[in-house]
Amino acid sequence: MKVTLGIFALLSLEAAAFSVSSSLGCTSRLSTQLQDSEVEPESNKVNMSFFIEEVISSEVIGVDEEVIPFPSREFKSIEVVVMCMERLSKNNAPYKDAGLETCWNFASDMSRASQGGSLERFIEFASNPSFSSMVNAKSWSVVSTGPLIEGTNTRGPMQTCRIRVAPAKGDERDFVWMLQRERRPPRQDCWLIHQCIQTDIALDD
């Protein structure tokens, strides 16, 4: 039976109830910051239209990159995988599940949608025996990167990266991360995680 693990198999930004901060690829901390600004003196209030325009047009998508990474048009596909694996290997730094939140930040809309459309649902998904082996792993390494697959009329370019993980418990296992360059704003031209597959599960009949 062929099984794909989405994070990647992951979740949708397109629910109408999502806040402006979600649509920009930001976490709920942004919403809190903006709410807090509303009780400050008039001179200190955030100009929302200017703020949104600046974030969408900036090279980096997101506003708290000093805490955890967000997609950037400057990141190469392999750099996205490395950042996610580095954060997953220290999942609770600088706060609980920061590594999983980093992966969520870089997940494509289709990947997010497949897991229910929220960070909370993704964290639940990530506790499965396969994906959880990458969380707080003893070590990991890049085995190989695939060739660049050119984009088409319906999708952006794609590339794969094979990772070998030594879990905290159990034997080593390999994962193939599939990334795709986003075609739509606000994360246009950023490399995002489309899928993550444990190879022995994917090849198991």
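Just above sits the structure.
Residues numbered from 1 in each chain as written. Predicted model: local features only at pLDDT ≥ 70, side-chain atom pairs only at ≥ 80, totals over all residues. Heavy atoms only, no water.

So, about the pattern of salt bridges. Applying the stated criterion to the full structure yields 6 salt bridges. For Arg187, the salt bridge is made with Asp109, and the minimal N-O distance between the two is 2.8 Å. Of the two residues, Arg187 is situated in the loop between strand S3 (173-181) and strand S4 (191-198) and Asp109 in helix H6 (residues 109-113); the sequence distance between them amounts to 78 residues. Judged by relative accessible area, which is 14%, Asp109 ranks as buried. Between Asp174 and Arg164 there is a salt bridge, with its nearest N and O atoms 2.7 Å apart. (Salt bridge = Lys/Arg side-chain N within 4 Å of Asp/Glu carboxyl O. Helix = DSSP H or I, 4+ residues; strand = E, 2+ residues; numbered from the N terminus. Buried < 20%, exposed > 50% of the residue type's maximum accessible area, 1.4 Å probe, protein only.)

If you walk across this open sheet you meet the 4 strands as S1-S2-S3-S4, and the pairing is antiparallel. Single-partner strands in this sheet number two, and they are strand S1 (139-145) and S4. Neighbour to neighbour, the strand axes of the sheet diverge by 30° on average, direction disregarded. As paired elements, strand S2 (residues 158-166) and S3 share 8 bridges and run antiparallel to each other. Paired with Cys161 across the bridge in S3 is Trp177. (Pairing = 2+ DSSP bridges. Axes fitted to C-alpha atoms, helices over the stretch in contact; angles between N-to-C directions.)

Once that is clear, we can look at the state of the cysteines. According to the stated counting rule, one finds 0 disulfides in the structure shown. Cys84 carries a free sulfur, and the closest cysteine sulfur to it, the one in Cys103, is 4.1 Å from it. Taking the relative accessible area as the measure of exposure, Cys103 reaches 0% and is therefore buried. (Disulfide = S-S within 2.5 Å.)

Glancing now at the packing of helix H4 (residues 77-89) against helix H5 (residues 98-105). Running from N to C, H4 and H5 cross one another at 160°; their axes reach a closest spacing of 7 Å. The pairing of H4 with H5 is recorded here as roughly antiparallel in orientation. Our pair here, H4 against H5, has a crossing hand that is left-handed. When H4 is examined against H5, the residues Cys84, Arg87 and Leu88 are found in contact with a partner set consisting of Gly99, Leu100, Thr102 and Cys103. Of the residues that constitute the contact of H4 with H5, the class distribution is 4 nonpolar, 2 polar and 1 charged. (Parallel < 35°, antiparallel > 145°, perpendicular 65-115°, else oblique. Left-handed = near helix turned anticlockwise from the far one by under 90°. Contact = heavy atoms within 4.5 Å. Nonpolar A, V, L, I, M, F, W, Y, C, P; charged D, E, K, R; others polar.)

Tracing the backbone shows Arg87 in helix H4. The partly exposed category is assigned to Arg87, whose relative accessible area is 26%. A C-alpha to C-alpha distance of 8.5 Å links Arg87 and Ile68, two positions 19 residues apart in sequence. Leave out the neighbours within four places in its chain, and Arg87 touches Val67, Ile68, Pro69, Ala93, Pro94, Gly99 and Thr102.

Counting buried residues along S4, 8 of its 8 residues qualify, which places the element largely inside the surrounding structure. Pairing geometry for S3 and S4, over 7 bridges, is antiparallel. Looking across to S4, one finds that Trp177 is bridged to Cys196.

According to the stated counting rule, one finds 5 aromatic pairs in the structure shown. Ring centres of Phe125 and Phe131 lie 5.9 Å apart, and the angle between their planes is 45°; on these two criteria the pair is classed as tilted. On the basis of relative accessible area, Phe131 is assigned to the buried category, the value being 0%. When the ring centre of Trp104 is taken as origin, the NZ or CZ atom of Arg112, which lies over that ring, is 4.2 Å away. (Phe/Tyr/Trp six-rings, centres within 6.5 Å; stacked < 30°, edge-to-face > 60°. Lys NZ or Arg CZ within 6 Å of the ring centre and 35° of its normal.)

To continue, consider the environment of Ser144. With respect to the helices, strands and loops of the structure, Ser144 is situated in strand S1. Look at Ser144 and you get partly exposed, because its relative accessible area is 36%. Between the C-alpha atoms of Ser144 and Arg164, which are 20 residues apart in sequence, the distance is 9.5 Å. Dropping the residues within four chain positions of it, Ser144 is found in contact with Cys161 and Arg162.

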